[in-house]
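A look at the structure
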Amino acid sequence: MNIGYGRAEMAEAIADQIKQLSYGSTFWDKTTIPAAQLADKLAQLAPAQLNHVVFAQGGSTGVDTAIRLAHYYFQRLGQHSKKKIIAFGDAYHGGTLLASTLTGYEHNRTAFHVIDDLVDHIPTPNAYRRADGLSDLDFREACVAELEHKIVELGPENVACCIMEPILGTARLRGTTARLPPAGGPGMRPVRRALHRG
Ligand SMILES: Cc1ncc(COP(=O)(O)O)c(C=O)c1O
């Protein structure tokens, strides 16, 4: 969808690859030449330290993989209690069991079973919720504070990561998400500080 519909050059690229490779796996230390080339290109485009790429079959498995990597990281450090994931209440993260647990909206949580003990939701930074007279900046700071408070409430020693969609789309089609500050920037310092206390 993101690349448009019925693009002949995409169809040809896919057909070319299928003709060359009937089966491939990117598990463990295996890869294929086009996957390695794409990983190289993505590493060049991504900010400095982001030089490792894991490919998934789609958005949901990408989300699951990212969370599993965060869990793996803390397991390797011996910080076994760092499991909790914080997500936005209105977010949509996909259809696998973990991704649908991260997805906050009601129907998902009542019509199916979810892995509740792993995920906590916080209010979505939705500009509709902004109180009259609150500036964009103040609203953004209030949203960052909600995240910080949730980390403190859960105990940073129990929090593995937070997952955020930069722009909310699938779940509510509101398109009014307040842009939170970049994870590494000064605006997110309170959140980083809260996390590092764990
Ligand atoms: C933000 C976000 N994450 C994950 C997904 C799930 O992707 P997929 O349907 O490819 O599994 C979607 C799908 O719309 C999405 O919008």
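The structure under discussion appears in the preceding block.
Residues numbered from 1 in each chain as written. Predicted model: local features only at pLDDT ≥ 70, side-chain atom pairs only at ≥ 80, totals over all residues.

Now for the overall build of the chain. When helices and strands are tallied, the chain shows seven helices and three strands. Secondary structure elements of the chain occur, N-terminal to C-terminal, as α-α-α-β-α-α-β-α-β-α. If one aligns the C-alpha atoms of the chain with their principal axes, the spans along those axes are about 55 × 40 × 40 Å. A burial count over the chain gives 16% of its 198 residues as buried. In the chain, the proportion of contacts linking residues at least 24 apart, taken out of those at least 6 apart, comes to 67%. (Helix = DSSP H or I, 4+ residues; strand = E, 2+ residues; numbered from the N terminus. Buried ≥ 20, exposed ≤ 12 C-beta atoms within 10 Å, placed from the backbone. Contact = placed C-beta atoms within 7 Å.)

Let's shift gears to the sheet that holds strand β3 (residues 159–163). Taken together, the three strands give an open sheet; going across it, the order is β2-β1-β3, and neighbouring strands pair in parallel fashion. Looking at which strands have only one partner, the edges of the open sheet turn out to be β2 (119–122) and β3. Averaged over neighbouring strand pairs, the angle between their axes works out to 25 degrees when direction is ignored. The sheet contact formed by strand β1 (residues 84–88) and β2 spans four bridges and is parallel. Of the residues in β2, the one forming a bridge with I85 is V119. Relative to β2, helix α6 (residues 136–154) is tilted by about 145 degrees, and along the sheet it contacts β1, β2 and β3. (Pairing = 2+ DSSP bridges. Axes fitted to C-alpha atoms, helices over the stretch in contact; angles between N-to-C directions.)

This next bit is on the packing of α6 against helix α7 (residues 189–196). Close contact between α6 and α7 brings their axes to 9 Å; oriented N to C, the two are set at 5 degrees. Classed by the angle they form, the pair α6 and α7 counts as roughly parallel. Note on element contacts: α7 touches α6 through P190, V191, A194 and L195, opposite V144, A145, L147, E148, I151 and V152. For the contact of α6 with α7, the residue count by class is nine nonpolar, no polar and one charged. (Parallel < 35°, antiparallel > 145°, perpendicular 65-115°, else oblique. Nonpolar A, V, L, I, M, F, W, Y, C, P; charged D, E, K, R; others polar.)

Quick look at helix α2 (residues 33–45) now. For α2, which comprises 13 residues, the first-to-last C-alpha distance of 19 Å matches the rise-based estimate of 18 Å (1.5 Å per residue) to within 8%. A small share of α2 lies buried, amounting to zero of its 13 residues. (Expected span 1.5 Å × (residues − 1).)

Turning our attention to the nonpolar core. Among the nonpolar cores identified, the biggest contains 22 residues, and I85, I86, A87, L102 and L147 are the most heavily contacted of them. Looking at this core, the elements that each hand over two or more residues are α3 (59–76), β1, α4 (97–102), β2, α6, β3 and α7. The greatest single-element share of this core, amounting to four residues, is contributed by β1. Setting aside residues up to four positions removed in sequence, L102 forms contacts with V63, I85, A87, A91, H93, V119 and I163. (Core = buried A, V, L, I, M, F, W, Y, C linked by C-beta atoms within 7 Å.)

The next subject is helix α1 (residues 8–20). Relative to the 18 Å expected for 13 residues at 1.5 Å per residue, α1 spans 19 Å between its end C-alpha atoms, a close match to the ideal helical length. With respect to burial, α1 is a largely exposed element, only zero of its 13 residues being buried.

By themselves these figures say nothing about function.
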